[in-house]
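One letter stands for each residue in the lines below.
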Amino acid sequence: MTAANPKMETRGLNFYYESKPALKAIDIACAANRVTAIIGPSGCGKSTFIRTLNRMNDVVPGTRVEGTILLDGKNIRDPGVDVVDFRRRIGMVFQKPNPFPKSIFDNVAYGLRINGHQSKARVEEVVERTLREAALWDEVKDRLDDNAFTLSGGQQQRLCIARALAVEPEVILFDEPCSAIDPIATAKIEDLIHKLKQRYTVVIVTHNMQQAARVSDFTAFLMLGELVEFGPTEKIFTTPASKTTEDYITGRFG
Amino acid sequence: MKRKAAAEFLGFSLLRLALLLVLAVLVIFLWDIIRKGGGQLTWAFISQLPRRGMTEGGILPAILGTILVTIVTALLAIPMGMFTAIYLNEYAKQAGLTRIIRLAIRNLSGVPSIVYGLFGVILFVNLMKFGTSILSAGLTLGLMTLPWTVTASEEALKTIPNSYREGSLALGATKWQAIRTNVLPYALPGMLTGTVLGLARAAGETAPIMFTGAAFSLPFLPHSIKDQFMALPYHLYIMATQHHDLAKARPLAYGTALVLLILVLGMNSVVAVIRTRFRRKRRA
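Computed from a predicted model, the values in this text were never measured in an experiment.

**Student:** Provide a residue-level description of the pairing of strand β2 (residues 20-31) of chain A, including the pertinent values.
**Tutor:** Along any regular strand, the residues point their side chains to alternate faces of the sheet. Residue and element names in this part refer to chain A. The sheet contact formed by strand β1 (residues 6-17) and β2 spans eight bridges and is antiparallel. Bridging from a neighbouring strand, P6 pairs with A31 of β2. Between β1 and β2, which pair antiparallel and follow one another directly, the connecting turn spans two residues, one of which, E18, has a positive phi of 50°.

**Student:** Can you explain the interface of chain A and chain B? Please cite residues and give values.
**Tutor:** On the side of chain B, 19 residues touch chain A, which itself brings 22 residues to the contact. Counting residues per element, the ones that place at least two in the side of chain A that touches chain B are α2 (83-89), β6 (90-93) and α3 (104-114) of chain A. If you tally residues by element for the side of chain A that touches chain B, the top one is α2 of chain A, at four residues. When its residues are assigned to classes, the side of chain A that touches chain B shows eleven nonpolar, six polar and five charged.

**Student:** Talk me through the pairing of strand β4 (residues 63-71) of chain A; I want residue IDs and the actual numbers.
**Tutor:** All names here are of chain A. Summarising the sheet, β1 and β4 pair through eight bridges and their orientation is antiparallel. Note that in β4 the partner of Y17 across the bridge is T63. For β4 and strand β5 (residues 74-75), the ladder comprises two bridges, and the chain directions are antiparallel. Bridge assignment links L71 to a residue of β5, and that residue is K74. The antiparallel hairpin formed by β4 and β5 contains two residues in its connecting segment, where D72 sits at a positive phi of about 55°.

**Student:** So what about helix α6 (residues 134-158) of chain B? Which residues, and what values?
**Tutor:** Residues and elements named next belong to chain B. The terminal C-alpha atoms of α6, which comprises 25 residues, lie 35 Å apart, in line with the 36 Å expected from a rise of 1.5 Å per residue. Helix geometry: α6 is bent most strongly at T145, by close to 40°, with proline P147 lying one to four residues after it. Of all 25 residues that make up α6, 23 are buried, and the element is covered over most of its length.

**Student:** Go over unusual backbone geometry, please, and point to the residues and values.
**Tutor:** Residues and elements named next belong to chain A. Residue N33 is not a glycine yet carries a positive backbone phi of 55°. The class of N33 is partly exposed, set by 14 C-beta atoms lying within 10 Å. For E168, which is not a glycine, the phi torsion comes out positive at approximately 50°. Relative to the elements of secondary structure, E168 occurs in the loop between α6 (153-165) and β7 (171-175). Owing to 16 C-beta atoms within 10 Å, E168 belongs among the partly exposed residues under this scheme.

Criteria and cut-off values
Residues numbered from 1 in each chain as written. Chains lettered and ligands numbered in written order. Predicted model: local features only at pLDDT ≥ 70, side-chain atom pairs only at ≥ 80, totals over all residues. Pairing = 2+ DSSP bridges. Helix = DSSP H or I, 4+ residues; strand = E, 2+ residues; numbered from the N terminus. Contact = placed C-beta atoms within 7 Å. Nonpolar A, V, L, I, M, F, W, Y, C, P; charged D, E, K, R; others polar. Expected span 1.5 Å × (residues − 1). Bend = angle between axes of the 7 residues up to and from the residue. Buried ≥ 20, exposed ≤ 12 C-beta atoms within 10 Å, placed from the backbone.

Such coordinate-based values are descriptive only and should not be taken to indicate function.
This is how it looks when you write it as structure tokens:
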């Protein structure tokens, strides 16, 4: 099952912690301007998988990657690739909201500033635009100088989304973005993901199957580091090819 | 039930007693020095040169000497210690060699200060030909302070959550950008605290400066960092044990001790102020 127009793709992706394999020969193609969900029981390797997509696991000692990861058809693991540059093209929203201990404004402006955009007018314009995109502007426009820790958990997560959008990525990775926030805040973030796919390619890891069904166009089901099934979300959730997938989505285990 | 409660009471009482003992020692110690040295603490005492074989006059050269030596110590220990800590915690592979280096650094902090003194004589005074001077003594103390600075700075860096580093990297920061903009600013208060505690300890050391630059008596002020100098802790040692007229020197010894204490406590308070200010800024 391959998407017609893959923005990002893994081929034969293996991943090891020390010598223990965590991902085995994973082939997943993430279609451009679509949402691809990665589901599976705890410890199946879904977070590990999404963290290899922006090479965030490079910074974890004792890990090893094998295989090909393509972004627009180019292998991001080639020796010549500038990891810093391509990480800017792939935004990431983490499991636990991780605002920096700075003002709301400075959080969103952070990525612009480290990438060398200093013009005040431009930074202000981008901060407002991305906070609007993240559906947070109306709640924070009068308190941009407040510390980001004063926001609620759901607001912090939307702030992290705005912060990721500010550097104009092409792909956005969500690593269980709603696992630490309440249902109402979760609904807001799901709405947001729907809107984001018009402009970005989205990959989301979730342990919540309803969420995967609601937000994604394609779903990959991982178990014990292996890709069990990958296809259009509708098909996975109505007529799965594999018995294991069916058992999982009907709640027989996991 | 009753027995449990009794055991609980006994345990708490023991812990309280231990705390009270520590406090009592501290209070008696401070009270003794303030009572006997307080009378000495005049403007003349801290602004004049010693006179009549150090039985009269002030201790200005010793105060100035200690301050100058501490500055040299700081110039060596602060940047080197912080950079080493940043390298060890942020860049070095957490494998065999790094662990050995870290262990060696921890062990160095247990080396007696007199050994550092001898090492300073060999390296700075003789080999590098800095002579017995402020420079040699300051560098020796700097080496002695380094293990403390490195360890304290590393501990401070460890308290910064990994999500700050990863969050920054994910936005396209280089490793150094992530460290400089999103780790160091928040680790700095902690790094500074540990460093200044180390400096305060160095300022009160006698053994490492005895052979490397401190003079028994120099009734004038140093002109350059290649000069010998008087220092408060060494002066105190002399006034308390080596002076030819111990009875006459005794009050001045207490005065010197008090000045040294004030200097060291002053350094620590400055850090406390900086730390609270940083913290307020971070939470604001």
